[in-house]
Amino acid sequence: MSSKGQKMGLRSWLDDRLGVSAVFGFLRDKKIPQHRHSVWYYTGSAILLFFAIQMITGFMLVFYYNPTLEGANTSVARIMTEIPLGWIIRSVHSWSASFMIAFVFIHLLSIWITKAYRKPRELTWISGVFLLLISLAFGFTGYLLPWDDLSLSATKVGTDIPRSIPVVGVWVTRLLRGGDDVTGDTLTRFFGFHVSILPLFLLTILAVHIYLVQKQGMSVPVSDEKKGKKLKELPFWPNFVYREMVVWLILTGILFSVAIFFPPSLEKAADLMAPAPEGLRPEWYFLFLFQMLKIFPSKILFINGDTIAVLLILLGIIAFFFLPLIDSKPAEKKGKIITAAAYLFIVFAVAMSLWSLLS
Amino acid sequence: MKLKHSLFTRRQFLNGILGGWFGALAASVLYPALKFVFPPTREPDQVILPFSDCEDMKLNTVKNFPWGSKPGLLKKNDDGSYTAFVAVCTHLDCNVTYLSDQRKFFCACHDGWYDESGTHIGGPPPRPLRRLILSIEGEDLIIKREGVE
Ligand code: HEM
Ligand code: FES
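About the cut-offs
Residues numbered from 1 in each chain as written. Chains lettered and ligands numbered in written order. Predicted model: local features only at pLDDT ≥ 70, side-chain atom pairs only at ≥ 80, totals over all residues. Heavy atoms only, no water. Donors = N, O, S within 2.8 Å, 3.2 Å for Na, K, Ca; no water. Tetrahedral: all angles 85-135°; square planar, octahedral: opposite > 155°, others 65-115°. Helix = DSSP H or I, 4+ residues; strand = E, 2+ residues; numbered from the N terminus. Buried < 20%, exposed > 50% of the residue type's maximum accessible area, 1.4 Å probe, protein only. Near = heavy atom within 4 Å. Polar contact = N/O pair within 3.5 Å; in protein donor to acceptor, adjacent residues only side chain to side chain. Nonpolar A, V, L, I, M, F, W, Y, C, P; charged D, E, K, R; others polar. Core = buried A, V, L, I, M, F, W, Y, C linked by side-chain atoms within 4.5 Å. Contact = heavy atoms within 4.5 Å. Pairing = 2+ DSSP bridges. Axes fitted to C-alpha atoms, helices over the stretch in contact; angles between N-to-C directions.

**Describing the coordination of the iron atom of ligand 1**
Residue and element names in this part refer to chain A.
- Here the iron atom of ligand 1 is held by the protein donor atoms H93 (NE2) and H194 (NE2), which lie 1.9 to 2.0 Å from it.
- Taken together, the six donor atoms coordinating the iron atom of ligand 1 and their angles of 87 to 179° define a geometry best described as octahedral. Pair noted here: H93 is in helix α5 (residues 86–114) and H194 is in helix α9 (residues 184–216), with a separation of 101 residues, a long-range link.
- The class of H93 is buried, set by a relative accessible area of 15%.

**Some points on the site of ligand 1**
Residues and elements named next belong to chain A.
- Taken together, 23 residues surround ligand 1, and among them Q54, R90, H93, G142 and H194 come closest.
- Interatomic distance of 2.7 Å between a side-chain N/O atom of H194 and a nitrogen atom of ligand 1.
- Contributing elements (two or more residues each) for the shell around ligand 1: α3 (43–62), α5, α6 (122–144) and α9.
- At seven residues, the largest contribution of residues to the shell around ligand 1 is made by α3.
- Looking at the shell around ligand 1 residue by residue, the class counts come to 13 nonpolar, eight polar and two charged.

**Side note on the nonpolar core**
Residues and elements named next belong to chain A.
- By size, the foremost hydrophobic cluster in this structure holds 58 residues, and its most contacted members are F50, W112, W125, W147, L202 and F320.
- Elements with a contribution of two residues or more to this core: α3, α4 (72–81), α5, α6, α9, α11 (236–261), α13 (305–321) and α15 (333–358).
- If you tally residues by element for this core, the top one is α5, at twelve residues.
- Once you skip the residues sitting within four places of it in the chain, W112 turns out to touch Y117, W125, F320, L323, I338, A341, A342 and F345.

**A word on the sheet that holds strand β9 (residues 131–137) of chain B**
Residue and element names in this part refer to chain B.
- Within the open sheet, the six strands sit side by side as β1-β10-β9-β4-β3-β2. Their pairing is antiparallel. Both outer strands of the open sheet, β1 (46–50) and β2 (61–67), are each paired with one neighbouring strand and no more. The sheet shows a mean angle of 30° between the axes of neighbouring strands, direction not considered.
- Examined bridge by bridge, strand β4 (residues 82–86) and β9 share two bridges and lie antiparallel to one another. By the bridge assignment, A84 is partnered in β9 with L132.

**Regarding the environment of A:F51**
Residue and element names in this part refer to chain A.
- Considering the arrangement of structural elements, one finds F51 in helix α3.
- On the basis of relative accessibility, which here comes to 7%, the residue F51 falls in the buried class.
- Along the backbone, F51 and F99 are 48 residues apart, and their C-alpha atoms lie at a distance of 9.5 Å.
- Sequence-distant contacts of F51, defined by excluding residues within four places in its chain, comprise M100, F138, L202 and L203.

Purely geometric stuff here, so don't read any function into it on its own.
And the structure:
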């Protein structure tokens, strides 16, 4: 038998058992519409790139990281100083986390503004908001792991915030901390969230998200849909995938450059009994929430100000979840107001973050 | 199928039995699972320090002591008396510090201030610092939680 025949044989052998030719056929026929806003179609695969990098560097860090009160800080110090190229791995993991979350924000905001969540894509949006929350949870739990004074205080504050939610709040705080206080148990628990529970959640919901995107195809902005004329299209394979690969190459280059020139620092190990350090600040993606809590008055008409702030934030998250349902008439005035709200949110978040940075 | 004088059909009966069994099983698994996930954390009822350690503290200074997994602060007042605080901010749980020169407790997390008696006077803290109850018995300084005999 010729070698070509064998290959064909293997392929059809696999296809008989897995039925993959349907998938390949689908991807070969998939088309990406081209219009003014098509650049946003590249943000999703950028997130995938950074998540893949997080998985690879994360699994490498797990080889040396030690999730205990005594060992955490020294094991990170060892990764930074002793393990060959350990500092680059940690630096890439730390930077790629920021890049990933930045792209999740950009991705969701672009969908909000172009209204790509319109029927029938509501569930795609909702799964996307879950992915945002999980990504933020990754960042929050990861931040504690180096176990220095800043990360300890940030975690104390962050895990205490749910406590102001009536009734269930205390239990959320206890669940996160593994007790009433932040202790070594909290560190071990956060490690468990960070390296096993969150990755499982993220991969599962990501699978649903990607399935929905394939099933429904790319959405077209309202303005182009109204015109009703047929848009130019780009074949997904190979044209679009090749373009995505160019984007990946550029982003990887930027990521490694900043990772090499600006590695994260490591302060001395946290002391549970020491006063909170000055200049406490969470990671940039929590800054606007942090600033909100800081400026909220401690009492508003006998009610604890934080309770109101936290309930407001929760309300915001719930509204964000159901945005496609709230935005029921995308082409009308209400739809325009909801688009304006996206810009308002961006201005608000950036202003609050800058305020926090400059004060 | 339903017998003439029966209240249920056979299917309702079986579903009820099975559902009840399943519910009981789920509860009996969930309860210990929750017990495991939420470990008991009790604050200490009391902490005993040797009084000799604190006797020669200067006026208007503080000394740290561990109050379970939280820091405690023992403060010597101007009249030579002592007050003990849980040195944890009532806003969002950061550890506070005492600034002798300003006669204030300070929380760096969101700029929270308390006066020397632990009353909140600035920033976000909603309540005064928690106080602990002090007594001296022989050589020992005994620090108790409020409400403990
Ligand atoms: C399977 C996936 C992942 C694994 C196994 C993993 C593992 C780890 C480990 C062991 C550390 C501690 C070492 C260190 O602090 O340098 C860490 C830190 C961290 N991780 Fe992950 N990680 C994963 C995914 C992610 C994702 C998706 C994000 C964010 C979007 C993230 C954000 C962080 C952050 C911000 C830190 C702290 C970095 C630092 O300051 O050192 N991780 N991760
Ligand atoms: S935790 Fe002390 S002021 Fe916020």
